[in-house]
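# Close look at the chain arrangement
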Amino acid sequence: MPDMQSPIAFLRSQFFSIPPYPTKKYTGQTIIVTGSNAGLGLEASRHFVRLDAAKVILAVRNLEKGEAAKRSIEEATGRTGVVQVWQLDLAHYESVKHFAKRAQGLERLDILVENAGIVTFNFSIMEDNESSITTNVVSPILHSLLLLPKLRETGAKFNTLPRLVFVTSFVHWMTQFPEREEEKIFEALADEKKARMDDRYNLSKLLEMYAVQEIAEQITASPKKGKVVVNHSNPGWVITEVMREWTGLKLFIFKIFRTIFARSTEVGSRTTVNAAEGGEETHGQFLDDCTIGERSPLLQDKEVQKRVWSELAEKLENIQPGILQNL
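Parameters at a glance
- Residues numbered from 1 in each chain as written.
- Predicted model: local features only at pLDDT ≥ 70, side-chain atom pairs only at ≥ 80, totals over all residues.
- Heavy atoms only, no water.
- Buried < 20%, exposed > 50% of the residue type's maximum accessible area, 1.4 Å probe, protein only.
- Helix = DSSP H or I, 4+ residues; strand = E, 2+ residues; numbered from the N terminus.
- Pairing = 2+ DSSP bridges.
- Contact = heavy atoms within 4.5 Å.
- Axes fitted to C-alpha atoms, helices over the stretch in contact; angles between N-to-C directions.
- 1 Å grid on protein atoms, 1.4 Å probe; cavity = no way out; pocket = protein on both sides within 12 Å on 5 of 7 lines; lining within 4 Å.
- Points joined across faces, edges and corners; volume = space filled by probe spheres on them.
- Nonpolar A, V, L, I, M, F, W, Y, C, P; charged D, E, K, R; others polar.
- Parallel < 35°, antiparallel > 145°, perpendicular 65-115°, else oblique.
- Core = buried A, V, L, I, M, F, W, Y, C linked by side-chain atoms within 4.5 Å.

The name that an unreviewed UniProt entry assigns to the chain is NAD(P)-binding protein, with the source organism given as Letharia lupina.

Next up, the structure:
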């Protein structure tokens, strides 16, 4: 796809590129989708259940909303006994570790979709970072690495190709990432005086994508048994409630533009399901409109990627000693 910084390319994608309706079966498979009580995660989970998955686990912060999502899926698909609701709060590392420990008891794990995330313009600290860095970057990577052995085990045991899918975004094109000039990137991002919160979501997606690329490269180089495909997908601009902090005229104008330009949540979720069926050719790739897409020049800077990963890896080891051995 052309440079996503081009308005023409963006409009072409939003209006003229319709992701295909998913038809591939997931018979017998166990799938975890984070942030699945609403939005993209809910619609992707609905597709997985419709497509004959044996077990779909909704990993959600709010169990009551998760149960409502479960009922919605069961009513839409006519399938019961498939959806389970498990608690996962990405703002807290202990919740992530507890979820992963519970998931180790699953007979199999075929697909893990790291979809959950937040958009906030208000600076606050959660754990050891600004909240969106914890929720959109550190916790999803922590969660995926804790569950990577289960994915590998499933692939080796059932002779399958498990997938680890991250829902990222075209907004990684929209940040200039000046914090990369700091001596310690994550320390700078946790400094309220330096925080550029209007750009924080864009930057959080870029940082997550650096980590995804690093994970894919290390899995490729690993001698461990059990292949796992790791990829990340762009759903485009989708109708969700991520801008819930906005009010008044700002929200009104945003909703007008969203109505004109944004895809429906269901259409956007097709990109996630497509990534979950991606073959080995998608390993390490950024999928845009269900094809291998172009990444921003920043994302192609391996030196910056290594710096981001080095700092993130140190954080992960402090949270869960030995976790990097899972790679």
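Additional details are given in the paragraphs that follow.
### Comments concerning the pairing of strand 4 (residues 111-114)
The alternating pattern of strand 4 places Ile-111 and Val-113 and Leu-112 and Glu-114 on opposite faces, both of which are buried. In this sheet, strand 4 lies alongside strand 1 (residues 30-34) in parallel orientation, the contact comprising three bridges. Pairing of Val-33 across the sheet is with Val-113, part of strand 4. Where strand 4 lies against strand 7 (residues 163-167), four bridges are found, and the strand directions are parallel. Its bridge partner being in strand 7, Ile-111 is matched across the sheet by Arg-163.

### So, the sheet that holds strand 10 (residues 291-292)
Spatial ordering of the open sheet is given by 3-2-1-4-7-8-9-10, a layout of eight strands whose pairing is mixed. One side of each edge strand has no neighbouring strand; the edge strands of this open sheet are strand 3 (83-87) and strand 10. Sheet contacts for helix 5 (residues 131-158): strand 1, strand 4 and strand 7; angle to strand 4, the most-contacted strand, approximately 180 degrees.

### Observations concerning the layout of surface pockets
Empty space within the second largest pocket amounts to approximately 200 Å³. In this structure, the second largest pocket is lined by Arg-152, Leu-161, Ile-219, Thr-220, Ser-222, Lys-224, Gly-226, Lys-227, Val-228, Val-229, Glu-280 and His-283. Here the residues of the lining of the second largest pocket sort into four nonpolar, four polar and four charged.

### Thoughts on the packing of helix 7 (residues 200-221) against helix 10 (residues 302-319)
The relative placement of two packed helices is expressed as an angle between their axes plus a distance between the axes. For the pair helix 7 and helix 10, the least separation of the axes is 9 Å and the interaxial angle reads 90 degrees. If you check the angle between helix 7 and helix 10, you find them roughly perpendicular. The residues of helix 10 that touch helix 7, namely those facing Leu-207, Tyr-210, Ala-211, Gln-213, Glu-214, Ile-215, Glu-217 and Gln-218, are Lys-302, Val-304, Gln-305, Lys-306, Val-308, Trp-309 and Leu-312.

### Considerations on the nonpolar core
Of all hydrophobic cores here, the largest spans 55 residues; its most connected members are Ile-32, Phe-177 and Trp-309. In this structure Ile-32 touches Ile-57, Ala-59, Phe-99, Ala-103, Leu-106, Leu-109, Ile-111, Leu-112, Val-113 and Leu-147, once residues within four positions along its chain are discounted. Residues Ala-44, Leu-51, Val-113 and Leu-287 belong to the second largest nonpolar core, which totals 27 residues.

### A few points about the side chain of Glu-208
Along the chain, Glu-208 turns up in helix 7. With residues near it in sequence (within four places) discarded, Glu-208 still touches Asn-136, Val-137, Pro-140, Phe-166, Val-167 and Thr-168.

### What to know about unusual backbone geometry
Phi angles above zero are rare outside glycine, and Phe-177 is one such case at about 50 degrees. By the element assignment, Phe-177 lies in the loop between strand 7 and helix 6 (185-189). The class for Phe-177 is buried, based on a relative accessible area of 0%. Phi at Cys-290 takes a positive value of approximately 70 degrees, unusual for a residue other than glycine. Looking at the secondary structure, you find Cys-290 in the loop between strand 9 (286-288) and strand 10.

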